[in-house]
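# Close look at the chain arrangement
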Amino acid sequence: MECKSREHCGGCIYQGVPYEEQLAAKDKSLRRLLDKHEIDESVYLGMEPALDCYGYRNKMEYTFGDLEKGGVLELGMHYKGRFMSILTTDECQLVPDDFNRVLRSVLGFCRSKGYRPYHRKTHEGILRNLVVRCGVRTNELLINIVTASDEFDEEGFKEMLLALEPELDMKIVGILRTFNDSVADAVIDESHKILYGRDYYNEEILGLKFRVKAFAFFQTNIDAVERLYSDVLEVVPDVSGKTVYDLYCGTGTISQLMASKARDVYGIDIVEDSIEAARYNTELNGIENCHYICGDVKEKLDEIPVKPDVIVVDPPRAGIHDKAVKMLCSYGIEEIVYVSCNPKTLCINLDLFRELGYEIKQIKAYDNFPMTKHVEAVCLLTQKSGEKEKR
């Protein structure tokens, strides 16, 4: 499939490259990284290929801007090699067709109103981002426009999107306006307003139901994450009657999958929306032994009243803070499962885990984001022989 934006869009690096070559390049890059960190290649179990190369993303954050300063309004991804320039990407192949339909309609509406992109230095303009999310299993669509807190035709924006619904494959369940006046070049929720419906969508993973709030972290490739989590559950040691820590837990997917066997599961995440959703999801699924804490893992571990028997970590791309790694190692449990969305920070963390008495039992990689550079991995760490006696 030919992508019209592949030469200039900064979102993908492998568009136009045969998939077998993409997979081989990622595998080679990961092997090189493992070698750099002196990780024995015998523990690497290889890379699982993508389940689908197209239409797999359930979330996209688009940016308003222009190609040339003062030029026509654009909405899409950053132009390759020109960070301040935005390229309209209304035929993206990585998202459902509805995302492209919504993007085109929103861009047309904003152009017709003469709205301009927000400029971080001059604080002029209003438009910042468009965030589109969907429930793959539920066919629910959540649309969120991020603006500065200037005058914006909220009613017209809502009516324009609702008029589009007959052309969509999914049902619009929520339209939001998020206010962001910060100078940071990021999607920040200083406050938000529901223009229609609700501020969340529903999803289903491996038989469990999840409410996903507008700013909660949730995996962006549902088919792939079902495979990933199924493998995680096989790697995790038997949790029957045990206390489990699910750290960087997001909306509580992994913790709730383990809850049926565990005595208790404690989840920590720094994103308030995620923890709120996790708590709701336990009620939705009739689970009573999951307990959630909102905050930074390294600051909140001491608030859990029971020491762990099993630890699963699934940190953001920045990895785990050294302080948190040291705290996890201090518990002296036999096995730790590390789910990573960034092999570089995984390897950096593994250096410290090994220094503190753990060894790598196995690493398995997953190409869950074809066309892009991103790779996920699941690593099993075991306590070195003799370390438990030392403690």
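It should be noted that the structure appears before, not after, this text.
Rules and cut-offs
Residues numbered from 1 in each chain as written. Predicted model: local features only at pLDDT ≥ 70, side-chain atom pairs only at ≥ 80, totals over all residues. Heavy atoms only, no water. Salt bridge = Lys/Arg side-chain N within 4 Å of Asp/Glu carboxyl O. Helix = DSSP H or I, 4+ residues; strand = E, 2+ residues; numbered from the N terminus. Buried < 20%, exposed > 50% of the residue type's maximum accessible area, 1.4 Å probe, protein only. Disulfide = S-S within 2.5 Å. Contact = heavy atoms within 4.5 Å. 1 Å grid on protein atoms, 1.4 Å probe; cavity = no way out; pocket = protein on both sides within 12 Å on 5 of 7 lines; lining within 4 Å. Points joined across faces, edges and corners; volume = space filled by probe spheres on them. Patch = residues over 30% accessible without salt bridge, like charges linked within 9 Å, V, L, I, M, F, W, Y side chains within 5 Å. Areas by Shrake-Rupley, 256 points an atom, 1.4 Å probe, with all protein chains shown as cover. Lys, Arg positive; Asp, Glu negative; His and termini not counted. Charge placed at Lys NZ, Arg CZ, Asp CG, Glu CD. Expected span 1.5 Å × (residues − 1). Arc of directions from axis to C-beta. Core = buried A, V, L, I, M, F, W, Y, C linked by side-chain atoms within 4.5 Å. Nonpolar A, V, L, I, M, F, W, Y, C, P; charged D, E, K, R; others polar.

## Some thoughts on the pattern of salt bridges
For the structure shown, the criterion picks out 26 salt bridges. Measuring nitrogen to oxygen at the nearest pair gives 3.5 Å for the salt bridge that ties K213 to E276. Of the two residues, K213 sits in strand 10 (residues 208–213) while E276 sits in helix 6 (residues 272–284), which places them 63 residues apart along the sequence. In this structure K213 comes out as buried when scored by relative accessible area, which is 11%. The structure contains a network of salt bridges with shared partners spanning E48, R227, D231 and K364.

## What to know about the state of the cysteines
Under the definition given, this model contains zero disulfides. Here C294 stays free of any disulfide, with the sulfur of C249 as its closest cysteine sulfur at 9.0 Å. We classify C294 as partly exposed; its relative accessible area is 29%. No disulfide involves C347; its sulfur sits 8.5 Å from the nearest other cysteine sulfur, which is in C379.

## So, unusual backbone geometry
Even without a glycine there, the phi angle at E38 is positive, about 55°. The topology assignment puts E38 in the loop between helix 1 (19–36) and strand 1 (44–48). Of note, the phi angle at M371 is positive, near 80°, even though the residue is not glycine. Summarising the element assignment, M371 is placed in the loop between strand 16 (358–366) and strand 17 (376–383). Residue classification places M371 among the buried positions, given a relative accessible area of 3%.

## What to know about the environment of F99
Here F99 lies in helix 2 (residues 97–113). In sequence terms F99 and P305 are 206 residues apart; their C-alpha atoms lie 44 Å from each other. With near-sequence residues (within four places) excluded, F99 lies in contact with R57, N58, K59, M60, Y62, V132, R133, C134 and L141.

## Describing empty space enclosed by the protein
Across all of its chains, the model carries two cavities of 30 Å³ or more by this definition. Within this model, the largest cavity holds a volume of roughly 100 Å³. If you go around the largest cavity, you meet 13 residues; those closest to its centre are F217, Y229, C249, G250 and T253. Its boundaries defined by the atoms lining it, the second largest cavity holds a volume of some 30 Å³. Every residue along the wall of the second largest cavity is listed here: L30, L34, P343, L346, C347, I363 and A377. Those elements that place two or more of their residues in the lining of the second largest cavity are helix 1 and helix 9 (343–355). A total of three residues in the lining of the second largest cavity trace back to one element, the largest contributor, which is helix 9.

## Digging into a positive patch on the surface
Taken together, the side chains of K36, R317, K344 and K373 make up a positively charged region of the molecular surface. Its relative accessible area of 58% is what places K373 among the exposed residues.

## What about helix 1?
A turn of α-helix holds 3.6 residues, and therefore any two residues three or four places apart point the same way. With 18 residues, helix 1 ought to run about 26 Å at 1.5 Å a step, and its terminal C-alpha atoms sit 26 Å apart, in line with that. Of the residues making up helix 1, those classed as buried are Y19, Q22, L23, K26, D27, L30, L33 and L34. One side of helix 1 holds all its buried residues, which, seen down the axis, span an arc of 125°. Facing away from the buried side of helix 1, by more than 90 degrees, are the exposed residues E20, K28, R32, D35 and K36. Count one or two residues on from helix 1 and you reach E38, which has phi positive near 55°.

## Overview of the nonpolar core
V106 and F353 are the most contacted members of the largest nonpolar core, which has 89 residues in total. Here the element with the most residues in this core is helix 2; it accounts for seven residues. The residues contacting F353, other than those within four sequence positions of it, are I320, V325, L328, C329, I336, Y338, Y358 and L381.

## A closer look at the layout of surface pockets
For the second largest pocket, the calculated volume is near 350 Å³. As for the second largest pocket, its lining consists of 14 residues, of which S29, P343, K344, K373 and V375 are closest to the centre. Among the secondary structure elements, those contributing two or more residues to the lining of the second largest pocket are helix 1 and helix 9. With five residues, helix 1 is the single largest residue contributor to the lining of the second largest pocket. Tallied by class, the residues present in the lining of the second largest pocket amount to seven nonpolar, three polar and four charged.

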